[in-house]
Amino acid sequence: MTTVSIVVPVYNVEKYLESCVNSIIHQDFKDIEILLIDDGSTDSSSKICDDLKGQDSRIRVYHKKNGGLSDARNYGTKLCTGKYVTFIDSDDTVDTSYVSYLLNLILTYKADMSICSHRTILHTGKVIGLGRKKEYKLSSTQCMREILYDKVLDISAWAKLYKIELFNGIEFPKGKLFEDAYTTYKLVMKSSFIAVGEESKYTYMVRKNSIVTSGFSEKKFDLINACQEMENSLIMEHPELKDALNRKVVFSYLSTLNSILDSRVVEYQDKIQKMRKVILRRGKIVLKDKEAASRDKIAIIALFFGINTYQLIWNNYQRISGKV
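Every value quoted in this text rests on a predicted model; they were computed, and no experiment measured them.

Chemist: Explain the overall build of the chain residue by residue, including any values.
Modeler: When helices and strands are counted, the chain shows eleven helices and ten strands. Oriented by its inertia axes, the alpha-carbon framework of the chain measures out at about 60 × 40 × 35 Å. Counting across all 324 residues of the chain, residues that qualify as buried make up 55%. Considering only intrachain contacts with a sequence separation of at least 6, the fraction spanning at least 24 residues in the chain is 79%. On the chain, roughly 15,000 Å² of surface is accessible, and the fraction owed to carbon and sulfur atoms is 53%.

Put into structure tokens, the structure is as follows:
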């Protein structure tokens, strides 16, 4: 049995694929298998996958009909032979110690799952988050609380290492955007303990044509649906997470609202006003929540003065933070 399986979904990433795979090939922990799941690419990504396979015997390539990111991850997970699995997006890169760092966390703290920090490189070139040398172990509810408040930990599927058996009965939802939000919380709550290391070992690239930065579509409401589904799933058995779950739902509304405003579409005015009402109603709890970030609270207060005032403040925040 291979120790660590690395699943890399591939779709039309010819500009970035080699850089991604090269960062994986040069891991200082060698007992890995690399599964490149070509999800029906229409550019030269398919050929690049085959060429890379010839460079390293640990690379396995699978070409499949396009089914989306979730489908590619599920496909790869079923083909893993490793005791542990991690996901790396094909336009991102990892440090040479990415796998060894995450594996050492699991073994040291006898955990079912481990998480490292990541650095984000914006399309403006700005780098956010370099991490720090700090390690600790959390219970599933403690970890979930940290994720819901978006402090050090987040909901992304990458920058994490999982025992493969955690995926028994759990899949990423096919056809959904923000598939991580539908899935990661289930894996966290299924774990007895999660080991956390705050060093940044994963580099997440924000690109202009990515899901995050592209124009608005109806599919982006999936983030709200995912967070509401998460809340409904957890709130009865874990009432101690009530305020944190409320904060995450409010965040999903704010994030979706920002996406609409940034895209300057005009056909969602009714939904914008409905979203504002939900944020203001649920935001009253966030304003009293000592754990909620000041940024969240400022956004809620700005909305009290109307959408135009909110948008002005949001645009200034993006400019000051270097995100535009």
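Still to come is the rest of the account.
Chemist: Before we move on, can you summarise the pairing of strand 4 (residues 84-87) with the specific residues and values?
Modeler: The side chains of a regular strand alternate between both faces of the sheet. Going residue by residue along strand 4, you find Y84 and T86 tucked away on one face and V85 and F87 tucked away on the opposite face as well. Here strand 1 (residues 4-10) runs beside strand 4; their pairing, made up of four bridges, is parallel. Residue V4 lies in a different strand from strand 4, and its bridge partner there is Y84. In this sheet, strand 9 (residues 160-163) lies alongside strand 4 in antiparallel orientation, the contact comprising three bridges. What sits directly across from T86, in strand 9, is L161.

Chemist: Any chance you could break down the pattern of salt bridges for me, citing the residues and the numbers?
Modeler: Applying the stated criterion across every chain, the model contains 21 salt bridges. As a salt-bridge pair, R73 and E179 come within 3.4 Å of each other at their nearest N and O atoms. Taken together, the residues R73 in helix 3 (residues 69-79) and E179 in helix 6 (residues 179-190) connect sequence positions 106 residues apart. The exposure class assigned to E179 is buried, which follows from its relative accessible area of 7%. When salt bridges that share partners are traced, they join R73, D89, E179 and D180 into one network.

Chemist: How would you summarise the side chain of N74 if you had to cite specific residues and measurements?
Modeler: For N74, the location among the structural elements is in helix 3. In terms of polar contacts, N74 uses its side chain to reach the backbone carbonyl oxygen of F172, at 2.8 Å. Not counting residues within four places of it along the chain, the set of residues in contact with N74 comprises E171 and F172.

Chemist: Outline the nonpolar core, supporting the account with residue identities and numerical values.
Modeler: In terms of nonpolar packing, the biggest core is built from 66 residues, with M144, Y162, L257 and Y310 touching the most fellow members. Looking at which element gives the most residues to this core, the answer is helix 8 (residues 242-263), with nine residues. Those residues within four positions of M144 in sequence are excluded, and the remaining contacts are I155, Y185, V188, M189, M230, L234 and L241. Core analysis: the next-biggest nonpolar cluster, separate from the first, contains 38 residues, V4, I6, I34 and V206 among them.

Chemist: Describe in detail helix 2 (residues 45-53), supporting the description with residues and values.
Modeler: Buried within helix 2 we find S45, S46, I48, C49 and L52. Projected down its long axis, helix 2 shows its buried positions confined to an angular sector of 165°, all on one face. Residues of helix 2 that are buried make contact with strand 1, helix 1 (17-25), strand 2 (32-39) and strand 3 (59-64).

Calculation criteria
Residues numbered from 1 in each chain as written. Predicted model: local features only at pLDDT ≥ 70, side-chain atom pairs only at ≥ 80, totals over all residues. Heavy atoms only, no water. Helix = DSSP H or I, 4+ residues; strand = E, 2+ residues; numbered from the N terminus. Buried < 20%, exposed > 50% of the residue type's maximum accessible area, 1.4 Å probe, protein only. Contact = heavy atoms within 4.5 Å. Areas by Shrake-Rupley, 256 points an atom, 1.4 Å probe, with all protein chains shown as cover. Pairing = 2+ DSSP bridges. Salt bridge = Lys/Arg side-chain N within 4 Å of Asp/Glu carboxyl O. Polar contact = N/O pair within 3.5 Å; in protein donor to acceptor, adjacent residues only side chain to side chain. Core = buried A, V, L, I, M, F, W, Y, C linked by side-chain atoms within 4.5 Å. Arc of directions from axis to C-beta.

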